[in-house]
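Each chain, written out:
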Amino acid sequence: PLIDSKGMLIYAMENKFAVGAFNANNLETAQAIIEAAEEENAPVIVQISQGAIDYAGEDCFFAIVKTLAQKASVPVVCHLDHGVDFGTVIRALRAGFTSLMFDGSSLPFEENVKITKMLVEIAHASGVPLEAEIGKVPDAAKGPLSPEEVKKYLTTPEEAQEFCEKTGVDSLAVAVGSAHRMKVQSVRLDIERIANIRERVGVPLVLHGASGVMDESVIEAIKAGISKINFATELNKAFTNAIKEKLQAEPELVDVRKYGAYARERVKKVVKEKIKLLNSTGKA
Ligand code: G3H
Ligand code: ZN
């Protein structure tokens, strides 16, 4: 069934595992994510980013996730990932998304607080939870960032606490050493920082940019108090590499379903591995 993320993430926080939040950019990826969760009997979050909405529209993606979720044997959330402006968050809410993120991490602190607080009130009036971000998970799409660069974006426990108190957010994305869009697993997270934030903040904590984080560091992060973990690039990589291989092996193929189904299987395999890593197998 399609549910909201509030109880799901609190359950994860209380039971020391993390819910996998996987980005879908097309039908096949959404199918792969939900099938993987069913086979692992795990709760799952399918997330649609602002970029995905620009690509195909929030209504189309919501229809896909809702249809698949209603038939699924496990709880599924349809989450807006990195809504970067007020309007996008409102449109996702109106489309039916059962969980939202407003990402004001590029704004000055007080401005981020102001817009987040407003959106929390609106989302809550509709019974939908909202995630926000403090500190900034940087983008490493153009190559690895220097340790100094990563450092300047890190979330401090004090600002995390103040941000949560002032906004009433349901979950908090924190910058603890990871970066978005990394193609290799090489990051070790600041585990002590996670534990310190965990002590001061009452809501579930979210790790972004997990594609670049080493497995053992992911496990430590969960122990230290992370409850939702976002993966996008690894799924994109699996999908694209699978299609490249398939078409290289069978260049005469023209039926999109043939290589689509092949890529879907490969994404499903990745999602199942991540669900196991997060210890969410059997937690549905
Ligand atoms: O919000 C999405 C995630 O933070 C995914 O990051 O593409 O580095 O896995 P990633
Ligand atoms: Zn992210």
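Residues numbered from 1 in each chain as written. Chains lettered and ligands numbered in written order. Predicted model: local features only at pLDDT ≥ 70, side-chain atom pairs only at ≥ 80, totals over all residues.

- The protein goes by Fructose-bisphosphate aldolase in an unreviewed UniProt entry, where it is assigned to Caldanaerovirga acetigignens.

Quick look at the overall build of the protein
And step 1. Counting its regular elements, the protein contains twelve helices and eight strands.
And step 2. Taken over C-alpha atoms, the radius of gyration comes to 18 Å for the protein, in line with the 19 Å a tight globule of 284 residues would show.
And step 3. Overall size of the protein, expressed as C-alpha extent along the three principal axes, is 60 × 40 × 35 Å.
And step 4. For the protein, restricting intrachain contacts to residue pairs at least 6 apart in sequence, the fraction spanning at least 24 positions comes to 72%. (Helix = DSSP H or I, 4+ residues; strand = E, 2+ residues; numbered from the N terminus. Rg over C-alpha atoms; globule rule 2.2 N^0.38 Å. Contact = placed C-beta atoms within 7 Å.)

Topic: the nonpolar core
And step 1. Formed by 92 residues in total, the largest nonpolar core has its most connected members in I33, V46, L100 and L172.
And step 2. Beyond its immediate stretch of four places on either side in the chain, V46 contacts F22, A24, A30, I33, I34, V65, V76, V77, C78 and H79. (Core = buried A, V, L, I, M, F, W, Y, C linked by C-beta atoms within 7 Å. Buried ≥ 20, exposed ≤ 12 C-beta atoms within 10 Å, placed from the backbone.)

With respect to the site of ligand 1
And step 1. Within the structure, ligand 1 sits among 16 residues, and H208, S211, N230, A232 and T233 are positioned closest to it.
And step 2. Of all elements in the fold, only β8 (226–231) and α11 (233–249) reach the threshold of two or more residues within the shell around ligand 1.
And step 3. Of the residues in the shell around ligand 1, the class split is four nonpolar, nine polar and three charged. (Near = placed C-beta within 6 Å. Nonpolar A, V, L, I, M, F, W, Y, C, P; charged D, E, K, R; others polar.)

Quick word on helix α6 (residues 109–125)
And step 1. Look at α6: 24 Å from first C-alpha to last across 17 residues, which is about the 24 Å you get at 1.5 Å a residue.
And step 2. Every buried residue of α6 is accounted for by N112, V113, T116, L119, V120 and A123. For α6, the angular spread of buried residues about the axis comes to 145°, placing them on one side. In this structure, α6 carries E110, E111, E121 and A125 as exposed residues pointing more than 90 degrees from its buried face.
And step 3. Where α6 is buried, its residues contact α5 (86–95), β4 (100–102), β5 (130–134) and α8 (157–167).
And step 4. One or two positions beyond α6, positive phi appears at G127, with a value near 75°. (Expected span 1.5 Å × (residues − 1). Arc of directions from axis to C-beta.)

Here we look at the UniProt feature "active site" (unreviewed entry) in the protein
And step 1. Per the UniProt record, "active site" (unreviewed entry) is found at D81.
And step 2. Along the chain, the position of D81 falls in strand β3 (residues 76–81). (UniProt positions renumbered as here; feature names shortened; annotations may be inferred.)

Digging into α5
And step 1. What α5 keeps buried is the set T88, V89, A92 and L93. Buried residues of α5 fall within an arc of 135° about the axis and therefore sit on the same side. Facing away from the buried surface of α5 by more than 90 degrees, the exposed residues are G87 and R94.
And step 2. Next to the buried residues of α5 lie α3 (50–56), α4 (58–71), β3, β4 and α6.

Details of the UniProt feature "binding site: Zn(2+) 1" (unreviewed entry) in the protein
And step 1. Here the UniProt feature "binding site: Zn(2+) 1" (unreviewed entry) sits at H82, H180 and H208. These annotated residues cover 127 residues of sequence, and their C-alpha atoms all fall within 11.7 Å of one another, placing them together at a single site.
And step 2. With respect to the element layout, H82 can be found in the loop between β3 and α5.
And step 3. Excluding anything up to four places from it in sequence, H82 contacts S49, Q50, M101 and D103.
And step 4. On the secondary structure map, H208 appears in the loop between β7 (205–207) and α10 (215–224).
And step 5. Classification of H208 as buried rests on a count of 29 C-beta atoms within 10 Å.
And step 6. Ignoring sequence-local partners within four residues, the contact set of H208 consists of V137, A173, S178, H180 and N230.

Let's talk about the sheet that holds β4
And step 1. Strand order in the open sheet made by the eight strands is β3-β2-β1-β8-β7-β6-β5-β4, with parallel pairing throughout. The open sheet has two free edges, formed respectively by β3 and β4, since each of these has just one partner strand. Recorded for the sheet is a direction-independent mean angle of 30° between the axes of neighbouring strands.
And step 2. α6 contacts β4 and β5 of the sheet and is inclined by roughly 170° relative to β5. (Pairing = 2+ DSSP bridges. Axes fitted to C-alpha atoms, helices over the stretch in contact; angles between N-to-C directions.)

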